[in-house]
Amino acid sequence: MEDGEPPGRVSSESDLSFLENERKELEANNAKLSENVKKLKEEAKRLKEKAERGGRESAESDSSEESDIQLNISDEDNSDFDTRSEASSSASSSASSADNERFRSQEGTTSTTKRAKRDTDRSAKPDKSSPPKKRKLASSVSPADPMIKLQEVFKDTVYFLIKSCNYENVTLAKAKGVWSTPPANESKLNKAYRDHNNVILIFSVMQSGKFQGFARMASESRHDGPVINWVLPPGLTQRAFTGVFRLDWIARKELPFTSTQHLLNPWNDNRPVKIGRDGQEIEPRCGEALCRLFMLDSSIDIRSILSKVRKAQATPPEPTRIKSKSRYRVRTVKGRKAGRRRRTLVMVMVVMRTPTEIDA
């Protein structure tokens, strides 16, 4: 600056160019602020339409948040400007704030009108004296006890403990759905099948420490089917296991004995349910509690089993076919004429059941 010039006077072209650049920078910032104000107005219009469609509360929160964010950004952008830039920024911010306040006042008026109309409609509707309808549980809600689906299987049911000497026979029984047992147990199981709707066989391999599952008898034993090659211990032959039962497996997963220590069988001197010979009958309540401890298999066709159970409950027992044999016996009977002999027919009825009469 030359001597004698007043202070604050610009005397060089570099200063003029600097001021020109500052002016252009301010104009660019003002244009940017104008663009932000325009965006805010468009956003306010969009939020207003959204509020009219039912999203009033969310629209108000979005509007306030967006406005605060945009205003904060504008304030931060203008914090580095000089006095003239701050003046223009404050003017733009004032305009934006005025628009936001106008929008909020309109929103408040609209929401108040809607609330008053809704209250009027509610007061105009008559009160319903009938109690509200109970909501039905969704079919996807599974009960806590998975065995509740098989509640019908536990009605009029007898339970037997089946002991196997090896895993191979139980695996074969699960694969083919069959089982064979010695003649003494065979007659016992056949009688139970005729007298009850359901006969449950609970399997356990000796010295395994576990139950291997349980199944429902689907038929009495039959001797006219294919021979099953059971794995027998020394001293036993296939001739003792010619009778074959058909089974419907309900649970194939194992259950350790440690999970059944609280179950005692009253029909076996109150011993633990795990203890018993092959064919030991289990008290019904104890047997049902034992079956409920098993986990159901997803591969089991529960509907098919329940269909068979309902069919057995609805179908009355078939009358036993009778073959009769008769013979004559002569005896003396006192009548009007002494010494008159009368021939009396004595019928001897013999109940017989042939293999062909046994249901499959």
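The preceding data block contains the structure.
This structure is a prediction, so every number in the text was calculated from the model and none was measured.

S.K.: I'm lost on the layout of surface pockets in this one. Help?
M.R.: It is a probe the size of a water molecule, rolled over the atoms, that shows where empty space is left. As a volume, the second largest pocket reaches approximately 260 Å³. Lining the second largest pocket are 16 residues; nearest its centre among them are Lys163, Cys165, Pro182, Phe241 and Asp278. A total of three residues in the lining of the second largest pocket trace back to one element, the largest contributor, which is strand E1 (residues 157–164). Its residues placed into classes, the lining of the second largest pocket shows 10 nonpolar, four polar and two charged.

S.K.: Got a minute to help me understand the environment of phenylalanine 211 in this structure?
M.R.: Of note, phenylalanine 211 is situated in strand E4 (residues 210–211). A relative accessible area of 0% means that phenylalanine 211 is categorised as buried. Between the C-alpha atom of phenylalanine 211 and that of lysine 274, which follows or precedes it by 63 residues, the distance is 8.1 Å.

S.K.: I'm lost on the nonpolar core in this one. Help?
M.R.: When a protein is soluble and globular, its nonpolar side chains tend to lie buried together. If you look at the biggest cluster of nonpolar residues, it comprises 26 residues, and the most contacted ones within it are Ile202, Phe211 and Leu290. Within the residue set of this core, elements represented by two or more residues are E1, strand E3 (198–205), strand E6 (245–251), helix H6 (284–291) and helix H7 (302–314). Per-element accounting of this core gives the leading share, four residues, to H7. Within the second largest apolar cluster, 20 residues are counted, among which are Met217, Phe241, Val244 and Trp249.

S.K.: Explain the packing of aromatic side chains here, please?
M.R.: How two aromatic rings sit relative to each other is set out by the distance from centre to centre and by the angle between their planes. Counted under the stated rule, the structure contains six aromatic pairs. Note on tryptophan 179 and phenylalanine 203: the rings are 5.0 Å apart at their centroids and 85° apart in plane angle, and the pair reads as edge-to-face. Of the two residues, tryptophan 179 sits in strand E2 (residues 178–179) while phenylalanine 203 sits in strand E3, which places them 24 residues apart along the sequence. Across the pair, exposure class does not vary: tryptophan 179 and phenylalanine 203 are buried alike. Pairwise contacts between aromatic rings join Trp179, Phe203, Trp230 and Trp249 into one cluster. If you follow lysine 174 out to its NZ or CZ, it ends over the ring of tryptophan 249, 5.8 Å from the centre.

What counts and how
- All residue numbers here refer to positions counted from 1 along the written sequence of the relevant chain.
- Note on the predicted model: pLDDT of at least 70 is required for a residue's local features to be given, and 80 or more for side-chain atom pairs to be given and counted; whole-chain, interface and lining totals, by contrast, use all residues.
- Just so you know, side-chain values use all the structure's heavy atoms and leave hydrogens and water out.
- As defined here, a cavity is a set of points on a 1 Å grid over the protein atoms alone where a 1.4 Å probe fits but cannot get out. A pocket is an open set with protein on both sides within 12 Å along at least five of seven lines, and residues line them when an atom is within 4 Å of a point.
- Grid points are joined across faces, edges and corners, and a volume is the space filled by probe spheres set on the points.
- Each helix is a run of DSSP H or I of at least 4 residues and each strand a run of E of at least 2, with the numbering of both proceeding from the N terminus.
- Here the term charged refers only to Asp, Glu, Lys and Arg, the term nonpolar to Ala, Val, Leu, Ile, Met, Phe, Trp, Tyr, Cys and Pro, and the term polar to all other amino acids, Gly among them.
- Remark: exposure states derive from per-residue accessible area (1.4 Å probe, protein chains only) relative to the maximum for the residue type, with buried under 20%, exposed over 50%, and partly exposed in between.
- Nine residue types can take part in a nonpolar core, namely buried Ala, Val, Leu, Ile, Met, Phe, Trp, Tyr and Cys, and a core is a set of them joined through side-chain atoms within 4.5 Å.
- Aromatic rings from Phe, Tyr and Trp, with only the six-membered ring used for Trp, were paired whenever their centres fell within 6.5 Å, and each pair was classed as stacked if the ring planes differed by under 30 degrees, edge-to-face if by over 60, and tilted otherwise.
- Sitting over a ring, as applied to charges here, requires NZ of Lys or CZ of Arg to be within 6 Å of the ring centre and within 35 degrees of the ring normal.

So far we have only geometry, and geometry alone does not tell us how the molecule works.
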